[in-house]
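What follows is each chain in one-letter form.
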Amino acid sequence: MCGRGTISGMKSVICNWKMNPPTFTEAKRLFDVTKKLAAVYKNAEVVIAPPTIFLRELAKGYRGTRVEFSAQNIFWEESGSFTGETSSIQVRDAGATYVIIGHAERRALGITDENVQHKVPVSLKGKLDPIVAVGERVRDTHGEYVHEVRNQITTALANVPASKFKNITIAYEPVWSIGAPEAPDTNSVHQMMLLVRKTIADAFGEKKMKSIRVIYGGAVNNENAKDILSVPDLDGVLVGRASLDPYRLEAILQAAHDA
Ligand code: 13P
């Protein structure tokens with residue numbers, strides 16, 4: 001691995017391609033652009049989460065050290081009769097060193113907090129660093145969303161061995177900001193970074209909280225990246241749409257490099 005930000009101080013940019021682009025040829029083209037940008041903006045940690053079908057082929061041809069690969073999902077069992085699922089061991093074998101667990105788009109398809117709890121230790125055992133996605137569905141005025149996010153975090157991390165907290169990234173992605181035209185303001189992002197950290201400190205202790213990385217995702221783009229990446233207590237960003245567009249991606253990587 002090219003060095004986690006906690007140790008190096010680098011900001012992470014995790015490119016979640018979701019179910020894009022449509023063909024391998026286009027995926028290779030996007031990868032080549034991302035790879036070149038990663039070589040320029042050396043002070044940012046760059047992780048690409050391509051569709052699983054493209055993962056091995058992209059990782060196989062890559063000889064550099066500037067880009068790491070993530071899976072977008074894994075199953076909570078290591079092998080067996082689970083049609084359509086992919087295991088931690090399989091995606092690690094294909095070249096991934098990270099995995100996104102509990103993305104809002106998986107939760108919308110039925111993944112529960114308990115499923116996420118099972119997947120986290122399985123990913124660690126399979127030598128994948130989990131990027132655990134949490135975030136409220138709606139922002140209510142009674143503060144219910146605070147309980148929702150705290151509960152997602154404490155449930156997800158309940159079975160993590162003490163020595164493995166340093167391998168965890170929490171990605172705070174409020175559902176209402178994913179695919180939205182605009183991200184929340186930077187004050188709000190900062191408050192949620194603090195809430196995530198306080199939740200971990202309360203439940204698992206200060207030392208473990210300090211070793212964990214906390215990033216923000218949802219409508220990060222070329223226009224807001226600089227402001228978001230300047231938010232204190234934030235270790236990086238998880239990017240959807242803008243990671244598919246070289247122009248917007250470059251601005252984000254530059255902002256991460258400069259932050
Ligand atoms: P957008 O950046 O397209 O809003 O998507 C965010 C996301 O879900 C990243 O995982």
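Shown above is the structure to which this text applies.
The present account deals with the structure reproduced in this document. (Residues numbered from 1 in each chain as written. Predicted model: local features only at pLDDT ≥ 70, side-chain atom pairs only at ≥ 80, totals over all residues. Heavy atoms only, no water.)

1. Digging into the sheet that holds strand β3 (residues 67-71)
Let me state the cut-off plainly: Here a strand pair is declared whenever DSSP counts at least two bridges between the two strands. Think of it this way: any DSSP run of H or I at least four residues long counts as a helix, any run of E at least two long counts as a strand, and we number them from the N terminus. Angles run from 0 to 180 degrees between N-to-C directions of axes, and those axes are lines fitted to C-alpha atoms, restricted for helices to the stretch in contact.
Read around the barrel, 8 strands follow the order β1-β2-β3-β4-β5-β6-β7-β8 and close on themselves; strand pairing throughout is parallel. Each strand axis lies, on average, 25 degrees off the axis of its neighbour in the sheet, ignoring direction. Summarising the sheet, strand β4 (residues 98-101) and strand β5 (residues 129-134) pair through 4 bridges and their orientation is parallel. Considered in β5, the bridge of Val99 is made with Pro130.

2. A word on the pairing of strand β6 (residues 169-172)
Quick reminder of the rule: Three exposure classes are used, based on accessible area relative to the maximum for each residue type with a 1.4 Å probe and protein chains only: buried under 20%, partly exposed in between, and exposed over 50%.
Burial of the side chains of β6 extends over both faces: Thr169 and Ala171 are buried on one face and Ile170 and Tyr172 on the other. Two strands pair when backbone bridges link them, and β5 and β6 are joined in this way by 4 bridges, in the parallel orientation. Across the sheet, residue Val132 finds its bridge partner in β6, namely Ile170. Bridge analysis of β6 against strand β7 (residues 213-217) gives 4 bridges, and the strand direction is parallel. Bridge assignment links Thr169 to a residue of β7, and that residue is Arg213.

3. Some details on empty space enclosed by the protein
Our working definition: Using a grid of 1 Å spacing that covers the protein atoms alone, one calls a set of points a cavity when a 1.4 Å probe fits there but cannot get out, and a pocket when the set is open and has protein on both sides within 12 Å along at least five of seven lines; lining residues are those with an atom within 4 Å of a point. Grid points are joined across faces, edges and corners, and a volume is the space filled by probe spheres set on the points. Classification used: nonpolar for Ala, Val, Leu, Ile, Met, Phe, Trp, Tyr, Cys and Pro, charged for Asp, Glu, Lys and Arg, polar for all others including Gly.
Applying the stated criterion across every chain, the model contains 1 cavity of 30 Å³ or more. Residue lining of the largest cavity: Gly102, Ala104, Arg107, Ala133, Val134, Gly135, Glu173 and Val175, and that is the complete set. Secondary structure elements with two or more residues in the lining of the largest cavity: α5 (104-107) and β5. Looking at the lining of the largest cavity residue by residue, the class counts come to 4 nonpolar, 2 polar and 2 charged.

4. Looking at the site of the ligand
Note the cut-off: Note on terminology: near, applied to a residue and a molecule or strand, indicates that one of the residue's heavy atoms is within 4 Å of it. Contacts described as polar in this section are N or O atom pairs within 3.5 Å, which, within protein, must combine one atom able to donate a hydrogen with one able to accept it, while residues neighboring in sequence count only if both atoms come from side chains. Only the protein chains shown count as covering a residue, and every accessible area follows the Shrake-Rupley method with a 1.4 Å probe.
Every residue lining the ligand is accounted for by Asn16, Lys18, His103, Glu173, Ser177, Ile178, Gly179, Gly218, Ala219, Leu238, Gly240 and Arg241. Between an oxygen atom of the ligand and a side-chain N or O atom of His103, the distance comes to 2.8 Å. Interatomic distance of 2.6 Å between a side-chain N/O atom of Arg241 and an oxygen atom of the ligand. Protein chains shield 99% of the accessible area of the ligand, which is 300 Å² for the free molecule.

5. Description of the nonpolar core
Rule in force here: In these notes, a set of buried Ala, Val, Leu, Ile, Met, Phe, Trp, Tyr and Cys residues joined through side-chain atoms within 4.5 Å is what counts as a nonpolar core. In what follows, a contact means two residues having at least one pair of non-hydrogen atoms within 4.5 Å.
Judged by nonpolar contacts, the single largest core of 71 residues is most densely connected at Leu157, Ile168, Ile170, Ile200 and Tyr216. The dominant element in this core, judged by the number of residues it contributes, is helix α8 (residues 186-204), at 7 residues. Apart from the residues within four sequence positions on either side, Tyr216 is in contact with Tyr172, Pro174, Ser177, Ala183, Pro184, Val189, Met193, Ile228, Leu234, Gly236, Val237 and Leu238. In this structure, Val47, Tyr98, Ile100 and Ile215 belong to the second largest nonpolar core, which totals 9 residues.

6. Considering the packing of aromatic side chains
The description of an aromatic ring pair rests on the distance of the ring centres and on the angle between the ring planes. For clarity, the threshold we go by: Each pair of aromatic rings taken from Phe, Tyr and Trp, with Trp reduced to its six-membered ring, is defined by centres within 6.5 Å and is described as stacked if the planes are under 30 degrees apart, edge-to-face if over 60, and tilted in the remaining cases. Here, a charge over a ring means that NZ of Lys or CZ of Arg falls within 6 Å of the ring centre while also lying within 35 degrees of the ring normal.
Per the counting criterion, the structure on display carries 8 aromatic pairs. Judged by centre distance (6.2 Å) and plane angle (80 degrees), the ring pair of Tyr62 and Phe69 falls under edge-to-face. Both residues of the pair, Tyr62 and Phe69, count as buried. Of the aromatic side chains, those joined through ring pairs into one cluster are Phe31, Tyr62 and Phe69. The ring of Tyr145 has Arg139 sitting right over it, with the charged end atom 4.1 Å from the ring centre. Sitting above the plane of the Phe165 ring, Lys208 keeps its charged end 5.4 Å from the centroid.

7. Remarks on the environment of Tyr247
Residue position: Tyr247 is located in helix α11 (residues 246-258). Between the C-alpha atom of Tyr247 and that of Pro184, which follows or precedes it by 63 residues, the distance is 22 Å.

8. Quick word on helix α6 (residues 113-125)
Note the cut-off: Every helix has an expected span of 1.5 Å times one less than the residues it contains.
For α6, built from 13 residues, the straight-helix expectation of 18 Å at 1.5 Å per residue is met to within 8% by its first-to-last C-alpha distance of 19 Å. Buried within α6 are the following residues: Asp113, Asn115, Val116, Gln117, Lys119, Val120, Val122, Ser123 and Leu124. Buried residues along α6 sit in contact with α4 (88-94), β4, α5, β5 and α7 (144-157). Phi turns positive, to about 65 degrees, at Lys127, one or two residues after α6.

Shape descriptors only; they carry no functional weight alone.
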